[in-house]
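Next come the chains, spelled out residue by residue.
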Amino acid sequence: MSKKPKWVVEKEQAKRAAAAETVWLFGLHAVRDALLNPKREKLRLMVTLNAQAKLADAIETSGIEAEVIDPRKFNPPIDPQSVHQGAALEVKPLNWGGLAENCIGAEVPRVLLLDRVTDPHNVGAILRSAEVLGASAVIGTRHHSAPETGALAKTASGALERQPYLRMRNLADTITELQNMGFLVLGLDGEAEQTIEGALEGKTHLPVALVLGAEGPGLRQKTKETVDQLVKIDAAGGFGSLNVSNAAAIALYASLPR
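Everything numeric in this text was worked out from a predicted model, so none of it was measured.

Asks: Explain the pattern of salt bridges to me, please; I cannot follow it from the model alone.
Replies: Where charged atoms from two side chains of opposite charge approach closely, those side chains can pair. Inspection of every chain in the model, using the stated rule, returns 9 salt bridges. With its nearest N and O atoms 3.0 Å apart, the salt bridge here joins Arg32 to Asp57. Residue Arg32 is found in helix H2 (residues 28-35), and its partner Asp57 is found in helix H4 (residues 56-62); the two are separated by 25 residues along the sequence. A relative accessible area of 25% means that Arg32 is categorised as partly exposed. Judged by relative accessible area, which is 46%, Asp57 ranks as partly exposed. With a closest N to O distance of 2.9 Å, Glu148 and Arg40 form a salt bridge. One end of the pair, Glu148, is in the loop between strand E6 (137-141) and helix H7 (150-156); the other, Arg40, is in the loop between H2 and strand E2 (42-47), with 108 residues separating them in the sequence.

Below you can see the structure in the form of structure tokens.
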């Protein structure tokens, strides 16, 4: 029998690892929203008696059997510092599908792309803003972006269950794919000459994708070369002083038609 090439073996191993991957969500809000999400595959629910009472309707709707645990013995496999409020739920990561099915279809599509934004609290906050401001999707990369975690879900305050969060293999390829779909792709850079509003004058009807880098390093060179234009937030201070989740919210709002 011929030996499989190394890349085939690695691909199969990655597929098996992804199939086995689970996430522990915690906190009443994140757990409730996951329980009420029919698309979320739920595996195990651990609650204190108090949390069970608060989540009773969501538990009943989901059909999952809760393990009720004494608060003194409540130790789900999460960071002991986590503010879990007596509720922890093991789930499979959500599968939102591909780029086209998530990014095309909205009346005025807006998409956020994240270049090496790895902090789960920042990504959680970005998902909240994206949901509130009507973005079609938030897109990161499979490596160098925050995966679904309990901390991300808690900061997202339920938005993780409703706001598409895609993780693509390569950011530059994803930008090119969006450009081929008709998106105008703008990269946020504090050194840029043009403001978001200036770049979008007379063009807010177009599908727009905004690319944000991590605080400090900002956008990678390859990203800067791939976007249609570099833009900055029109502010008295520099973009560098803004947290990336605040910058995402302001940029998204600035890009919307008035």
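Asks: Help me understand the nonpolar core in this model?
Replies: Of all hydrophobic cores here, the largest spans 50 residues; its most connected members are Leu112 and Leu127. The leading source of residues in this core is helix H11 (residues 244-255), at 6 residues. Residue contacts for Leu112: discarding those within four places in its chain leaves Ile126, Ala130, Ala137, Val138, Ile139, Leu210, Leu212, Ala248 and Leu252. Val111, Leu166, Ala209 and Val227 belong to the second-largest nonpolar core, a separate cluster that totals 19 residues.

Asks: It is not clear to me how the environment of Ala87 should be interpreted in this structure. Could you clarify?
Replies: Among the secondary structure elements, Ala87 is positioned in strand E4 (residues 87-91). Overall, the relative accessible area of 0% leaves Ala87 in the buried class. Distance in space between the C-alpha atoms of Ala87 and Ala30 is 9.3 Å, their sequence separation being 57 residues. Setting aside its immediate chain neighbours within four residues, Ala87 contacts Leu25, Phe26, Gly27, Leu28, Val31, Met46, Val47, Ala51, Leu55 and Phe74.

Asks: Explain the packing of aromatic side chains to me, please; I cannot follow it from the model alone.
Replies: Each aromatic ring pair is described using two quantities: the centre-to-centre distance and the angle formed by the ring planes. Inspection of the entire model under this criterion finds 0 aromatic pairs. The ring of Tyr253 has Arg258 lying over it, and the distance from NZ or CZ to the ring centre is 4.3 Å.

Asks: Help me out: how do you make sense of the side chain of Thr174 in this one?
Replies: Secondary-structure assignment places Thr174 in helix H8 (residues 171-180). Residue Thr174 is classed as buried on the basis of its relative accessible area, which comes to 4%. A polar atom in the side chain of Thr174 sits 2.8 Å from the backbone oxygen of Asn170. If we ignore the near neighbours within four places in the chain, the residues touching Thr174 are Leu99, Leu113, Ile139 and Met168.

Asks: Explain the sheet that holds strand E5 (residues 110-115) here, please?
Replies: Strand pairing in a sheet takes place through backbone hydrogen bonds and is either antiparallel or parallel in direction. What the 7 strands build is an open sheet, ordered E7-E6-E5-E10-E8-E11-E9; its pairing is parallel. Across the chains shown, the open sheet's two edge strands, defined by having one partner strand only, are strand E7 (165-168) and strand E9 (194-195). In terms of strand pairing, E9 meets strand E11 (residues 229-232) through 2 bridges, oriented parallel. Paired with Thr195 across the bridge in E11 is Lys232. Against the sheet, helix H6 (residues 120-132) touches E5, E6 and E7, its axis set at about 170° to E5. Seen against the sheet, H11 touches E5, strand E8 (184-188) and strand E10 (208-213) and runs at an angle of roughly 160° to E10.

Asks: Mind showing me how you'd approach the sheet that holds E4 here?
Replies: Pairing is mixed in the open sheet, where 4 strands are placed in the order E1-E4-E2-E3. The outermost strands of the open sheet, each flanked by one partner alone, are strand E1 (23-26) and strand E3 (66-68). Averaged over all adjacent pairs, the angle separating strand axes in this sheet is 20°, with direction ignored. Of the pairings in the sheet, the one linking E2 to E3 comprises 3 bridges and is parallel in character. Among the inter-strand pairings, Val47 is bridged to a residue of E3, identified as Val68. Sheet strands touched by H2: E1, E2 and E4. Its angle to E4, the strand with the most contacts, is close to 40°.

Asks: Is there a simple way to explain the environment of Gly134 in this structure?
Replies: Along the chain, Gly134 turns up in the loop between H6 and E6. Sequence separation between Gly134 and Arg110 is 24 residues; the distance between their C-alpha atoms is 7.5 Å.

Conventions and cut-offs
Residue numbering note: each chain is counted from 1, following its sequence as written. Local features in this predicted model are restricted to residues of pLDDT 70 or higher, and side-chain atom pairs are both shown and tallied only at a pLDDT of 80 or more, whereas totals for entire chains, interfaces and linings draw on every residue. Side-chain measures were taken over the full set of non-hydrogen atoms in the model, leaving aside hydrogen atoms and water. Just to be clear on terms, a salt bridge is a Lys or Arg side-chain nitrogen sitting within 4 Å of an Asp or Glu carboxyl oxygen. Think of it this way: any DSSP run of H or I at least four residues long counts as a helix, any run of E at least two long counts as a strand, and we number them from the N terminus. Residue burial is assigned from relative accessible area. The probe radius is 1.4 Å, only protein chains are included, and a residue is buried under 20% of its type maximum, exposed over 50%, and partly exposed in between. In this description, a nonpolar core means a group of buried Ala, Val, Leu, Ile, Met, Phe, Trp, Tyr and Cys residues linked to one another through side-chain atoms lying within 4.5 Å. The criterion used for residue contact is that any of the two residues' heavy atoms lie within 4.5 Å. Within 6.5 Å between ring centres, the rings of Phe, Tyr and Trp (the latter by its six-membered ring) count as paired, and their orientation is classed by plane angle as stacked under 30 degrees, edge-to-face over 60, tilted in between. As a reminder, the over-ring test applies to NZ of lysine and CZ of arginine, requiring each to be within 6 Å of the ring centre and within 35 degrees of the ring normal. Here a polar contact is recorded for every N or O atom pair within 3.5 Å, except that within protein the pair must consist of a potential hydrogen donor and a potential acceptor, and residues adjacent in sequence are included only if both atoms are side-chain atoms. By the convention used here, strands pair only if DSSP detects at least 2 bridges between them. Geometry is summarised by axes, namely lines fitted to C-alpha atoms with helices restricted to the contacting stretch, and by angles between N-to-C directions that run from 0 to 180 degrees.

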